[in-house]
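# Structure at a glance
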Amino acid sequence: MLNQTGSVDLHTHTTASDGELTPPELLAKALAENVAVLAVTDHDTTAGITELRAHIESTSVDVGHLRLIPGVEVSASWNNMDVHIVGLGIEIGDLRLQARLQEQMERRARRAEAIAQRLEKLGYPNILAVAANKAPQGIPSRPHFAEALVSVGACEDRKQAFHRFLAQAKPAYVKTDWPDVCDAVRWIREAKGVAVIAHPGRYKLTRSKLERLVCYFRDVGGQALEVAVATHGPDVIQQLAGLALKYDLYASQGSDYHGPSMRWVQLGKMPPLPSRCQSILDLL
Ligand code: AMP
Ligand code: MN
Ligand code: MN
Ligand code: MN
């Protein structure tokens, strides 16, 4: 049962993807900040959960009433646009899922080479080695490239690196052949997880296009929307609550925590779910 005294955070990252805290550090922070339910949802990998489980088994850390939910944030594509699908309560030992996530890593590795080539043409050679050095498995994501650009003095901060080079339509942006949203949903459901559209308010979609995405996602077996997200404003939250109700979808909540340097996002902190929503915790 949910410990009602703590917070619920169903979207977080660790150093297994582009987060700043190791899985044990994230756990320690969750315990210190009275998080009652924590889902670790790294980009396209469950390595952080494996590491966390090993850490809990091999040390005397007392997780108390904290409930850990295994998750993943799958990079997907819809209508030529990157969309993230969070899977919650997945069986991380599912071999099909792991093979699929391995393919995601291969896509990331190919994309990293292509990003490095673009940066080289733009006058920044040898960024790949710097970025890879900062990345899990030596496969850098865009935030690792951003950090590398900062560390060689090409940009002032990560935000500027995205703005100048790495964000969609910028000169070092490389389109990735991510799987369609329907595949991401299927992978998650076949691994016994619940599929959730991550941060729907962040895709800069018109109301009607967002509704089309939600409708498509529901039709292919998607089950929930992230309604309460740290970066969603009150209007967006109400809009998403309305869509969840209209399409009979559950509502999730998460901070999308990446670490202490993003000071405006804190672990376990996000606006409350509107009371008309049906919480995804009923499914998990
Ligand atoms: P990737 O998975 O390699 O495409 O990188 C996407 C990640 O980069 C997201 O999960 C965010 O953590 C981060 N990100 C995306 N856009 C920006 C931005 N404009 N500024 C800073 N970080 C960003
Ligand atoms: Mn990220
Ligand atoms: Mn995301
Ligand atoms: Mn995320």
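Notes on the structure in this doc start here. Keep in mind that this is a model prediction, so the values were computed, not measured. (Residues numbered from 1 in each chain as written. Chains lettered and ligands numbered in written order. Predicted model: local features only at pLDDT ≥ 70, side-chain atom pairs only at ≥ 80, totals over all residues. Heavy atoms only, no water.)

## Comments concerning the pairing of strand β6 (residues 224–229)
We count it as follows: Each residue's exposure class comes from its accessible area (1.4 Å probe, protein chains only) as a fraction of the maximum for that residue type: buried when under 20%, exposed when over 50%, partly exposed otherwise. Starting at the N terminus, helices and strands are each numbered in turn, a helix being any DSSP run of H or I of at least four residues and a strand any DSSP run of E of at least two. In short, DSSP must find at least two bridges between two strands for them to pair. Handedness rule for crossovers: strands pointing away from the viewer, path from the first strand over the helix to the second running clockwise, crossover right-handed.
Counting buried positions over the six residues of β6 gives six, a clear majority of the element. One ladder, built from two bridges, connects strand β5 (residues 194–197) with β6; its direction is parallel. Bridged to Ile197 within β6 is Leu225. Crossover β5 to β6 through helix α8 (residues 207–219) is right-handed. Regarding the hand of the β-α-β motif, the stretch spanning β6, helix α9 (residues 234–246) and strand β7 (residues 250–254) is right-handed.

## Quick notes on the site of ligand 1
For clarity, the threshold we go by: One heavy atom within 4 Å of a molecule or strand makes the whole residue count as near it. Any pair of N or O atoms that falls within 3.5 Å is considered a polar contact. Within protein, one atom must be able to donate a hydrogen and the other to accept it, and sequence-neighbouring residues count only if both atoms are side-chain atoms. Residue exposure ignores everything except the shown protein chains as possible cover, and the areas themselves are Shrake-Rupley values with a 1.4 Å probe.
Within the structure, ligand 1 sits among Asp18, His43, Arg108, Arg111, Ser141, Arg142, Pro143, Phe162 and His258. Side-chain polar atom of Arg111 to an oxygen atom of ligand 1: 2.5 Å apart, as the coordinates give it. Between ligand 1 and Arg142, the relevant distance is 2.9 Å, taken from an oxygen atom to a main-chain nitrogen or oxygen of the residue. When the free accessible area of ligand 1 is taken as 500 Å², the share hidden by the protein chains comes to 70%.

## Section: the coordination of the manganese ion (ligand 3)
Keep this limit in mind: With water omitted from the atoms examined, metal sites may look incomplete; donors here are N, O and S atoms no farther than 2.8 Å from the metal, or 3.2 Å in the case of Na, K and Ca.
Around the manganese ion (ligand 3), the protein supplies Glu73 (OE), His84 (ND1) and His199 (NE2) as donor atoms, at distances of 2.1 to 2.2 Å. Each donor residue of the manganese ion (ligand 3) lies on one chain, and together they are spaced E-x10-H-x114-H. Between the manganese ion (ligand 3) and the manganese ion (ligand 2), the interatomic distance is 5.6 Å. Here the residue Glu73 occupies a position in strand β3 (residues 67–78), and His199 occupies one in the loop between β5 and α8, the gap between them amounting to 126 residues. Taken as a pair, Glu73 and His199 share a single burial class, namely buried.

## Focus on the pattern of salt bridges
A pair can form between side chains of opposite charge whenever their charged atoms are brought close. To keep things clear, this is the line we draw: Salt bridge, as used here, is a side-chain nitrogen of Lys or Arg placed within 4 Å of a carboxyl oxygen of Asp or Glu.
Taken as a whole and judged by the stated rule, the model has 14 salt bridges. Salt-bridge contacts for Asp256 lead to Arg202; the nearest nitrogen and oxygen are separated by 2.9 Å. Here Asp256 is found in the segment after β7, whereas its partner Arg202 is found in the loop between β5 and α8, with 54 residues between them in sequence. By relative accessible area, which is 6% here, Asp256 ends up buried. By relative accessible area, Arg202 is classed as partly exposed at 36%. Between Lys246 and Glu211 there is a salt bridge, with its nearest N and O atoms 2.6 Å apart. Taken together, the residues span a long stretch of sequence, with Lys246 in helix α9 and Glu211 in helix α8 at a distance of 35 residues. Of the residues examined, Lys246 reaches a relative accessible area of 56% and is grouped as exposed. The network of salt bridges with shared partners includes Asp94, Arg96, Arg100, Asp183, Arg186 and Glu190.

## Comments concerning the pairing of strand β2 (residues 35–40)
Along β2, six of the six residues are buried, which leaves the element largely enclosed by surrounding structure. Bridging between strand β1 (residues 7–9) and β2 involves three bridges; their strand directions are parallel. Residue pairing in the sheet places Ser7 in a bridge with Val35 of β2. Pairing analysis gives four bridges linking β2 to β3, with the strands arranged parallel. If you follow Leu38 over to β3, its bridge partner there is Leu68.

Spatial relationships are all this shows, so hold off on functional conclusions.
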